Amino acid sequence: MKKILVLTWLLVFVLGISVAFAEIKNPDTYVYLHIGEPDTLDSGYAYDNASGEVLTYVYENLISYDGVNLQKFIPVLSTEVPTAENGLIKDNGTTYLFPIREGVKFHNGNELTPEDVEYSFERNILFDPANGPQWMIIEALFNFQTLDDLVADKVGTPLTDMVDENGNLINPDDANKLIEFYQQVIDPVIEVQDGSVVFRLVRPFAPFLYILPKHAYWSNIFDKETCVEWGCWDGNADGWWKYYNVKKESSPLYDKANGTGPFKFTEWDRTQQKVTLDRFDGYWGEKAKIAQIIDWGIDEWGTRRAMLEAGDADQIYMPAQYLDQVKDLDDIKIESGKRITVTAFHFNWTVDKTSDFLGSGALDGNGIPADFFSDIHCRRAFSYAFDYDTMIQEVLLGYGERPPSVIPSGMLGYNPDLPMFEFDLAKAEEEFKKAWDGKVWENGFKLTLLYNTGNDARQTACEMFKENIESLNPKFKIDVQGVQWPNYLDAYKSGKLPAFVIGWIADYPDPHNFIFTYFHSSGVYGGPQGEAYINFAQENLNPIIEAAISETDATKRQNMYEEIQKIAYENVLGLTFYQEIALFPMKTWVQGWEFNPIQSGEANYNGVYKAE
């Protein structure tokens, strides 16, 4: 079944190719235009595509997928991929050994060592930024989802009760407890053994290798010496807590990078949302074919299109709705592929009261209370007020499909026959009249929906809510605002958005990565849905989500994931808009471009080049 699935994901087809070639501009520089900019260059914090598409080519990982084959790994900084057959997975799947490659240089000339690997994982675990990616590593190694919970279990007190927001101990007497925690819990789990690094899991975790390969930038390998020099954790047990959950811009790695990858970081021009990478001529493997990469966020569609047409860009991000403006241009080809991704809309049941998006903060016609969406009738009304088919057929031009819930088609747990809401404004009106004992309909409301600028599909989705819902009652008001991508991420992570539309591309090809992310109380999208949602998830969803990842019988897992999605439907936890087939316009001189259903970004920088 998985082989069939992979073949489906790997379906890449060319929509149209012009055979005429123009003179190649800047033949040794590849310019990719998209929207937004990286949220950060810290691989321990980053958890978004804009960051990942840069980090993936500056840093490297222990292993990689074998091209677009998501069922096979090849070694990178490890010289072998651990298997039971080669003896590098043992102790019933709880011990993994990675022999570390010799002769690999970081961009500053330092040599990679096994200690760098140990440091990289330990540093990120101890960092564990809120709503960041480290839950995957912590879950795999310790069977917890956050460092805070792990400390609470081992020490008896949550870490957040022991340190303040600046990392200072509230009670200095706790220092010894936390030193012992590192020495007895963290340090023994990842250790250097001769020339290898050993990971010791508390129990078998089948997807472990899938959270380590290239494109999994949270598993990038740092240069310990450089990190310490720049101000990161110094590797000592005493004082590690000062580096826990450091704010994004306070991380020493926020705007600096020193990896072993095929490109070295040169510049991040924040005023232009432009990142420049230059080929690393000291790279240990096959050198990149292109000398320079310009990874440039230009939110305005017309500018991206014009630069592509003029040959000033080699590839651009294009929402499907603009296909007709590009497909007949000279010297342009458009490739496409079905990525392992969904775009969904979720509600915040308890918005942070400092939010600027609540209006008056009361149900008086000029705002909403912070717990507006804790009423299921509000959530259900919104669910009936979205025109799903029009979104796919007229905005995506048919390049997408609608999964019933957050599991993409073809993946274990997917079932097209699961219940889902349909567009029905009459039912939306009925639900609004029931909400808050009739006060919503009587008093009206006003709220704000945000989208990240340049993402025209998400903007359109928000505007569809606005048009449909405001048509029901003149007292209903929805403002739609665009903000820069990093600001959007900050707003949703801090729980200040009443609701949010956001996509998710698989970290690894397993339903747990979608189900946990959206529905678990510690999930990246689950946590920002507010305290009331967290309480609901802890009681109704967390146990079955955690049981499902531990289940080895595929049939039982299928049933468990279907049950989770039914609970999500019955309680209206969110709306899945679509699973998109992405379109990739580029100049015909682009060679070596490959589609990968799981990669961050839309170009394989280490393989592309320009030639007629």
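Since we're looking at a predicted model, the values are computed, not measured.

A. Seen up close, the environment of Ile567. Tracing the backbone through its elements, the reader meets Ile567 in helix α18 (residues 554-570). C-alpha separation for the pair Ile567 and Asn540, spaced 27 residues apart in sequence, amounts to 8.3 Å.

B. Structural detail: the packing of aromatic side chains. The final tally for this structure, using the stated rule, is 55 aromatic pairs. Between Phe345 and Phe465, the ring centres sit 4.5 Å apart and the planes meet at 40 degrees, which makes this aromatic pair tilted. Residue Phe345 is found in strand β14 (residues 341-347), and its partner Phe465 is found in helix α13 (residues 456-470); the two are separated by 120 residues along the sequence. Between Phe465 and Phe577, the ring centres sit 6.2 Å apart and the planes meet at 50 degrees, which makes this aromatic pair tilted. Of the two residues, Phe465 is situated in helix α13 and Phe577 in strand β19 (residues 574-587); the sequence distance between them amounts to 112 residues. Phe577 carries the same exposure label as Phe465, and that label is buried. Above the face of the Trp230 ring, Lys256 is positioned so that its terminal group lies 5.4 Å from the ring centre. Seen from the ring of Tyr388, Arg402 lies directly overhead, with NZ or CZ sitting 3.5 Å from the centre.

C. Focus on the domain arrangement of the chain. Split into domains, the chain comes out as domain 1 (60-250) and domain 2 (339-580). Placing the centre of domain 1 and that of domain 2 at their C-alpha centroids yields a distance of 32 Å. In this assembly, 16 residues from domain 1 lie in contact with 19 residues from domain 2. Summed over both sides, the interface of domain 1 with domain 2 buries roughly 1,400 Å², with 60% coming from carbon and sulfur. Of all residues in domain 1, the largest losses of buried area upon contact with domain 2 belong to Asn131, Trp135 and Gln145, amounting jointly to 41% of the total for that side. Inspection of the region where domain 1 meets domain 2 yields one salt bridge. In this structure, Lys248 engages Asp490 in a salt bridge whose closest nitrogen and oxygen atoms are separated by 3.1 Å. Applying the counting criterion to the domain 1 and domain 2 interface returns three residue pairs in polar contact (both at pLDDT 80 or more). Along the lines of polarity and charge, the residues of the side of domain 1 that touches domain 2 split into nine nonpolar, four polar and three charged.

Calculation criteria
- Residues numbered from 1 in each chain as written.
- Predicted model: local features only at pLDDT ≥ 70, side-chain atom pairs only at ≥ 80, totals over all residues.
- Heavy atoms only, no water.
- Helix = DSSP H or I, 4+ residues; strand = E, 2+ residues; numbered from the N terminus.
- Phe/Tyr/Trp six-rings, centres within 6.5 Å; stacked < 30°, edge-to-face > 60°.
- Buried < 20%, exposed > 50% of the residue type's maximum accessible area, 1.4 Å probe, protein only.
- Lys NZ or Arg CZ within 6 Å of the ring centre and 35° of its normal.
- Domains from an automatic or database assignment.
- Contact = heavy atoms within 4.5 Å.
- Buried area = accessible area lost by both parts, 1.4 Å probe.
- Salt bridge = Lys/Arg side-chain N within 4 Å of Asp/Glu carboxyl O.
- Polar contact = N/O pair within 3.5 Å; in protein donor to acceptor, adjacent residues only side chain to side chain.
- Nonpolar A, V, L, I, M, F, W, Y, C, P; charged D, E, K, R; others polar.

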